[in-house]
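Below, each chain spelled out in residue letters.
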Amino acid sequence: MLIMAAPKVCSDLQEVWQIVGWILWVFKIVIPIIIIIFGMIDLGKAVVASKDDEIKKSIKSLAMRAVAGVIIFFIPALVAAIFGMVDSFQEVEGEYAVCELCIKNPGKCGSNAGSGNNDRGTKESCTSAGGVWDSKTNTCQGI
């Protein structure tokens, strides 16, 4: 009978999770700036026009944009919750720590990811996040 090793989605694809982490990091910076700029422009136009209806409309638009910006900040928490549920499965236990690190702190994810030694980069990612690397199962424990 052929027994296959459990897939290591987070360890094997840590470069992808790191890119996702960088994209989320950029969104966290860019979206609030865009909301502030567009809000200032819309509110400025409405105030210059001195029309109450336009001022109310621009304030409502600014509020909707602010809600959209706040939702962006909940995406990492949602992703962490999903990975937390998946991590509870025995087959992938400990893999979540790598995904969580790469998404929440992409700068510390897999410092040797491009060197061809993925396990070493994963081990360093685990220990830099305060976890303990289990060499028997090649997983990160304690994060």
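Residues numbered from 1 in each chain as written. Predicted model: local features only at pLDDT ≥ 70, side-chain atom pairs only at ≥ 80, totals over all residues. Heavy atoms only, no water.

K.L.:
Give me unusual backbone geometry: which residues, what numbers.
P.N.:
Of note, the phi angle at Ser 50 is positive, near 55°, even though the residue is not glycine. Locating Ser 50 in the fold gives a position in the loop between α2 (14–49) and α3 (52–87). Given a relative accessible area of 57%, Ser 50 falls into the exposed group. (Helix = DSSP H or I, 4+ residues; strand = E, 2+ residues; numbered from the N terminus. Buried < 20%, exposed > 50% of the residue type's maximum accessible area, 1.4 Å probe, protein only.)

K.L.:
Any chance you could break down empty space enclosed by the protein for me, citing the residues and the numbers?
P.N.:
Throughout the structure, instances matching the rule amount to one cavity of 30 Å³ or more. One number sums up the size of the largest cavity: a volume of about 30 Å³. Here the residues of the lining of the largest cavity sort into six nonpolar, no polar and two charged. (1 Å grid on protein atoms, 1.4 Å probe; cavity = no way out; pocket = protein on both sides within 12 Å on 5 of 7 lines; lining within 4 Å. Points joined across faces, edges and corners; volume = space filled by probe spheres on them. Nonpolar A, V, L, I, M, F, W, Y, C, P; charged D, E, K, R; others polar.)

K.L.:
Can you lay out the state of the cysteines for me, pointing to particular residues and giving the numbers?
P.N.:
Counted by the stated rule, this structure contains one disulfide. Linked covalently through their sulfurs, Cys 102 and Cys 109 form a disulfide whose S-S length is 1.8 Å. Measuring handedness by torsion sign, the sulfur bridge of Cys 102 and Cys 109 sits at about 55° and is right-handed. Owing to a relative accessible area of 2%, Cys 109 belongs among the buried residues under this scheme. (Disulfide = S-S within 2.5 Å.)

K.L.:
I'd like to hear about the packing of aromatic side chains, residue by residue, with values.
P.N.:
Scanning the entire structure with this criterion turns up one aromatic pair. Here the aromatic rings of Trp 22 and Trp 25 are separated by 5.6 Å at their centres, their planes lie at 90°, and the arrangement is edge-to-face. One end of the pair, Trp 22, and the other, Trp 25, are both in helix α2, three residues apart, so they sit about a helical turn from each other. Classification of Trp 25 by relative accessible area gives partly exposed; the value is 45%. (Phe/Tyr/Trp six-rings, centres within 6.5 Å; stacked < 30°, edge-to-face > 60°.)

K.L.:
Tell me about the environment of Trp 22, and name the residues and values.
P.N.:
For Trp 22, a relative accessible area of 37% corresponds to the partly exposed category. Sequence separation between Trp 22 and Ile 103 is 81 residues, and the spatial gap between their C-alpha atoms is 7.5 Å. Not counting residues within four places of it along the chain, the set of residues in contact with Trp 22 comprises Pro 106 and Gly 107. (Contact = heavy atoms within 4.5 Å.)

K.L.:
Describe the pattern of salt bridges, and please don't skip the residues or the numbers.
P.N.:
As enumerated under the stated definition, the model contains two salt bridges in all. For the salt bridge of Asp 42 with Arg 65, the shortest nitrogen-to-oxygen distance reads 2.7 Å. With Asp 42 in helix α2 and Arg 65 in helix α3, this residue pair connects regions lying 23 residues apart in the sequence. Given the relative accessible area of 24%, Asp 42 is considered partly exposed. Two residues, Lys 51 and Glu 54, come together in a salt bridge whose shortest N-O distance is 3.9 Å. Accessibility expressed as a relative area gives 48% for Lys 51, which makes it partly exposed. (Salt bridge = Lys/Arg side-chain N within 4 Å of Asp/Glu carboxyl O.)

K.L.:
So, α2: which residues are in play, and what are the values?
P.N.:
Over its 36 residues, α2 runs 52 Å from end to end, which matches the ideal 52 Å to within 8%, given 1.5 Å per residue. Within the sequence span of α2, burial applies to Gln 14, Trp 17, Gln 18, Gly 21, Leu 24, Ile 35, Gly 39 and Ala 46. One or two positions beyond α2, positive phi appears at Ser 50, with a value near 55°. (Expected span 1.5 Å × (residues − 1).)

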